[in-house]
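Listed below, chain by chain, are the residues.
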Amino acid sequence: MNPLNASISLQPSSTSNCLSVLVSEIISSNIQYLDHQITQITRPSQFFKPTELSVVNGITNHDTMENMFFQYELYSRKKWLLMHVKSLLNKTNALLILNMLSDNCLCEFEKEEIGYILNGSSAAYY
């Protein structure tokens, strides 16, 4: 066997592994950013006294707290989905996950849908 051919046949596997690592790092970075966002959401509540009811520009503390909980739920859900996708990441679905991250549509899916999409894509390669 020609040594050049051997290196060419190994190249896609090496590229797939590098892509998997890259996607894993992107997901980790997104998770870290969401952690930061969650911290920023909860920071104002440190200074909030629940017994005080104030209205500023027609917005009550209750509205502010409700908005904080909504944002917290949204970011927490995104974080959970990213952690789930990271656990499903492998070299056969890395490109698909990268495309979903690039299109910013990954968090629009439910857990079951993500599992079906990723398992279906990896089953197609076998």
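For the structure, check the block above.
Novice: In this structure, what is going on with the overall build of the protein chain? I would like to understand it.
Specialist: For the protein chain, the count of helices and strands is 4 helices and 2 strands. Its helices and strands taken in sequence order, the protein chain reads α-β-β-α-α-α from the N to the C terminus. The buried share of the protein chain, reckoned over its 126 residues, is 24%. Here the contacts in the protein chain between residues at least 6 apart in sequence split such that 78% fall between residues at least 24 apart. When the accessible area of the protein chain is evaluated, it comes to approximately 9,000 Å², of which 58% is carbon and sulfur surface.

Novice: Teacher, can you tell me more about helix H3 (residues 94–102) here?
Specialist: Since the α-helix turns once every 3.6 residues, residues separated by three or four places project in the same direction. Residues of H3 that are buried: Ala-94, Ile-97, Leu-98, Met-100 and Leu-101. When H3 is viewed along its axis, its buried side chains cluster within an angular range of 160° and face the same direction.

Novice: Just to check I follow, could you spell out the environment of Ile-41 for this structure?
Specialist: You can see Ile-41 is positioned in helix H1 (residues 3–42). When neighbours within four sequence positions are excluded, Ile-41 is seen to be in contact with Met-68, Gln-71, Tyr-72 and Tyr-75.

Novice: In this structure, what is going on with unusual backbone geometry? I would like to understand it.
Specialist: With the exception of glycine, most residues fall at negative phi, and the peptide bonds are largely trans. A positive phi angle, near 55°, is found at Asn-104, a position not held by glycine. Among the structural elements, Asn-104 can be located in the loop between H3 and helix H4 (111–124). Under the relative-accessibility criterion, Asn-104 is labelled exposed at 63%.

Conventions used here
Residues numbered from 1 in each chain as written. Predicted model: local features only at pLDDT ≥ 70, side-chain atom pairs only at ≥ 80, totals over all residues. Heavy atoms only, no water. Helix = DSSP H or I, 4+ residues; strand = E, 2+ residues; numbered from the N terminus. Buried < 20%, exposed > 50% of the residue type's maximum accessible area, 1.4 Å probe, protein only. Contact = heavy atoms within 4.5 Å. Areas by Shrake-Rupley, 256 points an atom, 1.4 Å probe, with all protein chains shown as cover. Arc of directions from axis to C-beta.

Honestly, it's all geometry; don't read function into it.
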